[in-house]
Amino acid sequence: MENRAHIFEIQYTKAAEKFFTVHEDVRIKYEEAVKSLMFGEHPESVDVKRIKGKRSTYYRIRLGEWRVIYTIINGRIIVIMTLLAGPKS
């Protein structure tokens, strides 16, 4: 089994930090999803998609009813915003 360093940096915009201050449970789920995506045995289990259009360097991770929008700049994960997704119609 190869030894992989579990080092990564997540930064939050002010809006995301404010959200995660109130919703610590969502922050924990997000950070666990990122760890699983980067270092887990089954990264395909994380529901992540690239955003289409002008924001094509952005990604979203689905965490139940929440969507976390992020980008990667110089190896750092930058959380842009969180959204509460409504039911699909």
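Values in this document were obtained by computation on a predicted structure and should not be read as measured data. (Residues numbered from 1 in each chain as written. Predicted model: local features only at pLDDT ≥ 70, side-chain atom pairs only at ≥ 80, totals over all residues. Heavy atoms only, no water.)

Chemist: Explain the nonpolar core here, please?
Modeler: Nonpolar side chains in soluble globular proteins tend to end up buried together. Residues I10, Y12, F20, Y30, I61, L63 and V79 are the most contacted members of the largest nonpolar core, which totals 17 residues. Broken down by secondary-structure element, the contributors of at least two residues to this core are β1 (9-12), α1 (14-22), α2 (24-39), β3 (58-63), β4 (66-73) and β5 (76-84). Top contributing element to this core by residue count: α2, with 4 residues. Residue contacts for F20: discarding those within four places in its chain leaves Y12, V26, R27, V68, V79 and T82. (Core = buried A, V, L, I, M, F, W, Y, C linked by side-chain atoms within 4.5 Å. Buried < 20%, exposed > 50% of the residue type's maximum accessible area, 1.4 Å probe, protein only. Helix = DSSP H or I, 4+ residues; strand = E, 2+ residues; numbered from the N terminus. Contact = heavy atoms within 4.5 Å.)

Chemist: Which parts of the structure should I look at to understand the pairing of β4?
Modeler: Where a strand is regular, its side chains alternate between the two sheet faces. Judged by how many residues are buried, β4 sits mostly within the fold: 6 of 8 residues are covered. Once β3 ends, the chain turns through 2 residues before running back antiparallel as β4, passing G64 with a positive phi of about 65°. Inspection of the sheet shows β4 paired to β5 by 8 bridges, in the antiparallel sense. In the strand pairing of β5, I72 is matched with I77. (Pairing = 2+ DSSP bridges.)

Chemist: Which parts of the structure should I look at to understand α1?
Modeler: Side chains three or four residues apart in an α-helix point the same way, a direct result of the helix having 3.6 residues per turn. Listed in full, the buried residues belonging to α1 are A16, F19 and F20. Projected onto a plane normal to the axis of α1, the buried residues spread over an arc of 95° and lie on a single side. Residues of α1 that are exposed and point more than 90 degrees away from the buried face comprise K14, K18, T21 and V22. As for α1, its buried residues are in contact with β1, α2, β4 and β5. (Arc of directions from axis to C-beta.)

Chemist: Is there a simple way to explain the packing of α1 against α2 in this structure?
Modeler: Think of two packed helices as two axes; the pair is described by the angle between the axes and how far apart they sit. Across the interface, α1 lies against α2 with an axial gap of 5 Å and an inter-helix angle of 110°. As the angle between them shows, α1 and α2 are arranged roughly perpendicular. Contacts between α1 and α2 involve E17, F19, F20, T21 and V22 from the former and E24, V26 and R27 from the latter. Taken together, the residues that form the contact of α1 with α2 break down as 4 nonpolar, 1 polar and 3 charged. (Axes fitted to C-alpha atoms, helices over the stretch in contact; angles between N-to-C directions. Parallel < 35°, antiparallel > 145°, perpendicular 65-115°, else oblique. Nonpolar A, V, L, I, M, F, W, Y, C, P; charged D, E, K, R; others polar.)

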